[in-house]
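# Working through the structure, step by step
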Amino acid sequence: MANSDLTPPSFRLQLLLSLLVMVEVFSFINPALSEVIFEERFEDGWQSRWVKSDWKRAEGKAGSFKHTAGKWAGDPDDKGIQTSIDARHFAISAKIPEFSNKNRTLVLQYSIKFEQDIECGGGYIKLLSAYVNQKKFGGDAPYSLMFGPDICGTDTKKLHLILSYQGQNYPLKKDLQCETDKLTHFYTFILRPDATYSILVDNRERDSGSMYTDFDILPPRKIKDVHAEKPADWDNREYIEDPNDVKPEGYDSIPAEIPDPNAKEPENWDEEEDGIWKAPKIPNPAYKGPWKRKKIKNPNYKGKWKTPWIDNPEFEDDPDLYVLKPIKYIGIEVWQVKAGSVFDNILICDEEEYAKEVVSEIFANRDAEKEAFEEAEKVRRAKEEEEAQRARDEGERRRRERDDHRRYRYRESYKDRYKRRRHDYMDDYHDEL
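Predicted model, so just to flag it, every value in this text is computed and none were measured. (Residues numbered from 1 in each chain as written. Predicted model: local features only at pLDDT ≥ 70, side-chain atom pairs only at ≥ 80, totals over all residues. Heavy atoms only, no water.)

### So, the overall build of the protein chain
A tally of regular secondary structure across the protein chain gives five helices and 22 strands. Split into buried and exposed, the 433 residues of the protein chain put 34% on the buried side. In the protein chain, 74% of the contacts between residues at least 6 apart in sequence involve partners at least 24 apart. Counting every atom, the protein chain has about 28,200 Å² of accessible surface; 51% of that belongs to carbon and sulfur. (Helix = DSSP H or I, 4+ residues; strand = E, 2+ residues; numbered from the N terminus. Buried < 20%, exposed > 50% of the residue type's maximum accessible area, 1.4 Å probe, protein only. Contact = heavy atoms within 4.5 Å. Areas by Shrake-Rupley, 256 points an atom, 1.4 Å probe, with all protein chains shown as cover.)

### Remarks on the state of the cysteines
If you walk through the whole model with that rule in mind, you get one disulfide. Paired by a disulfide, C120 and C152 hold their sulfur atoms 2.1 Å apart. Between C120 and C152 the disulfide shows an S-S torsion of about -95 degrees. By sign, it is left-handed. Placement of C120 in strand β7 (residues 120–122) and of C152 in strand β9 (residues 145–152) is noted, with a sequence separation of 32 residues between them. Looking at C120, the relative accessible area reads 18%, which means it is buried. (Disulfide = S-S within 2.5 Å.)

### Let's talk about a negative patch on the surface
On the surface, E265, E271, E272, E273 and D274 cluster together to form a negatively charged patch. In this fold, E271 is placed in helix α3 (residues 271–274). (Patch = residues over 30% accessible without salt bridge, like charges linked within 9 Å, V, L, I, M, F, W, Y side chains within 5 Å. Salt bridge = Lys/Arg side-chain N within 4 Å of Asp/Glu carboxyl O. Lys, Arg positive; Asp, Glu negative; His and termini not counted. Charge placed at Lys NZ, Arg CZ, Asp CG, Glu CD.)

### A word on the pairing of strand β6 (residues 106–114)
Here β6 lies mainly inside the structure; nine of its nine residues are buried. With burial as the criterion, each face of β6 is covered, one bearing L106, L108, Y110, I112 and F114 and the other bearing V107, Q109, S111 and K113. Here β6 pairs with strand β12 (residues 184–191) via eight bridges, running antiparallel. Following the sheet pairing, Y110 is matched in β12 by Y187. Pairing of β6 with strand β22 (residues 341–349) involves seven bridges; the strand directions are antiparallel. Within β22, the residue paired with L108 across the bridge is I348. (Pairing = 2+ DSSP bridges.)

### A look at helix α4 (residues 352–362)
Of all the residues in α4, the buried ones are A355, V358, V359 and I362. On an axial view of α4, the arc spanned by its buried residues comes to 95 degrees, and they lie on one face. Among the residues of α4, the N-terminal cap falls to E351, whose side-chain oxygen and the backbone nitrogen of E353 are separated by 3.1 Å. (Arc of directions from axis to C-beta. Polar contact = N/O pair within 3.5 Å; in protein donor to acceptor, adjacent residues only side chain to side chain.)

### Some thoughts on the side chain of S111
Within the secondary structure, S111 is located in strand β6. A distance of 3.0 Å separates polar atoms of two side chains, one belonging to S111 and the other to N345. Each residue touching S111, except ones within four places of it in the same chain, is listed here: T184, H185, F186, V342, F343, D344 and N345.

### Topic: the nonpolar core
In this structure, F147, I330 and I348 are the most contacted members of the largest nonpolar core, which totals 65 residues. In terms of residue count, strand β5 (residues 88–99) provides more of this core than any other element does, six residues in total. Those residues in contact with F147 that lie beyond four places of it in its chain are L108, Y110, Y124, I125, L159, H160, L161, Y187, T188, F189 and I199. Ranked by size, the runner-up nonpolar core spans 10 residues in total, among them F186, L200, A355 and I362. (Core = buried A, V, L, I, M, F, W, Y, C linked by side-chain atoms within 4.5 Å.)

### A short note on the pairing of β22
Of all nine residues in β22, nine are buried; the element is thus mostly enclosed. When strand β4 (residues 80–84) meets β22, the two strands line up antiparallel, connected through two bridges. Its bridge partner lying in β22, I81 is registered against F343.

### Observations concerning the confidence of the model for the protein chain
Low-confidence regions, as indicated by low pLDDT, have predicted coordinates that should not be scrutinised in detail. Summary statistics for the protein chain give a mean pLDDT of 90 and a share of 89% for residues scoring 70 or more. The model gives residues 1–6 a pLDDT under 50, and that stretch makes one contact with residues more than four places away or in other chains. Contacts from residues 23–32, a stretch scored under 50 in pLDDT, to residues over four places away or in other chains number three contacts. (pLDDT = per-residue confidence, 0-100.)

### Here we look at the packing of aromatic side chains
If you walk through the whole model with that rule in mind, you get 11 aromatic pairs. Where Y110 meets F343, the ring centres are 6.2 Å apart and the plane angle is 15 degrees; that geometry is what we call stacked. On the criterion of sequence distance, the pair formed by Y110 in strand β6 and F343 in strand β22 is long-range, its members being 233 residues apart. A centroid spacing of 6.1 Å and a plane angle of 80 degrees characterise the contact between Y197 and F215, whose relative ring orientation is edge-to-face. Placement of Y197 in strand β13 (residues 196–201) and of F215 in the loop between α2 (211–214) and β15 (222–224) is noted, with a sequence separation of 18 residues between them. (Phe/Tyr/Trp six-rings, centres within 6.5 Å; stacked < 30°, edge-to-face > 60°.)

### Observations regarding unusual backbone geometry
Of note, N203 is a non-glycine position whose phi angle comes to about 70 degrees, a positive value. Examined against the element boundaries, N203 turns out to sit in the loop between β13 and β14 (204–210). Of note, the phi angle at N345 is positive, near 55 degrees, even though the residue is not glycine. Owing to a relative accessible area of 3%, N345 belongs among the buried residues under this scheme.

This is the structure:
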């Protein structure tokens, strides 16, 4: 009987190596094997993963979070956490499996719905690397990445992106706008190993670029050569006069104006009184102005001279520019004048396509959310109109009371004046008697 244990060791080793290669290839072509580092849909058990901070609580300035889908939602069972109590600081964090984005793509994504007229406040999210005392987590905690909207009045509608490098924070130099309506919106930040990034809003690219050019982290690779001078023989004339062009004979004798050939002497013209009649002058169509040589392309034209770029001697590349310090926590830390923002669908992973799939999944209920919002708006407007009508009725009632009171006072005053006048009249009458 054959014994499988008699397979040569070299064959078994070769087979094992082949299987390992197949696994590597499969994991490369199959994004399902990408790593989801942290995903929070705020379902049952979410409170065991998140710690509410006591920051600002002693000062009476700490807000709280409610577990809710909000006033209008595509799926009422799809809940997030909503800021509550106006004019407060809100801080909450979760410890996550420590990870590094070295040699891998980092994707940070979440959704937020501003149900309130926020007036002024943030809706961003933070990734933190250093140890965090989560019960004291607040605005002074150093972070490695901050991303999300910030709204204040009508002027500030900013989409923040701030990255930390060697302990210093660097904001994106571009001015990006966030969404300001009252529906759910997804914000996605993607950072790749080549230091390029993309920012998506609702699965549509809002911006992209490179950490080398869009952040003032490293000096620029190239700078203008301030010592460069335009060469003396540099010809920047695109057109020149044609040296072979010759002025036509008799050109200078062409008058600028000529007598109007269509003019006629008036019938009532009197030479003795008016003098000899002369036809009025008109522009000469044959006159072309002072003669100039025509222009031709300059065969020696080298273009507009520009200061050349040279390598920046102060630039020192850092191939790990994109690498954040190992991430250990994720946190929400914002201040809001008006509360009511719903945070949800937080995702940290290394696969862009999976993040897009999450957005598509949630937005399958997008129309239902819009309908719920429109219905809520109808109820709100009806309530406001009802309150306004009550206020108008109350105002009318008070006006009538004031008018009645004024009429009463007028009648009483009239009676009093009448009595005094009658009394004075009777006194005079008795005096006369």
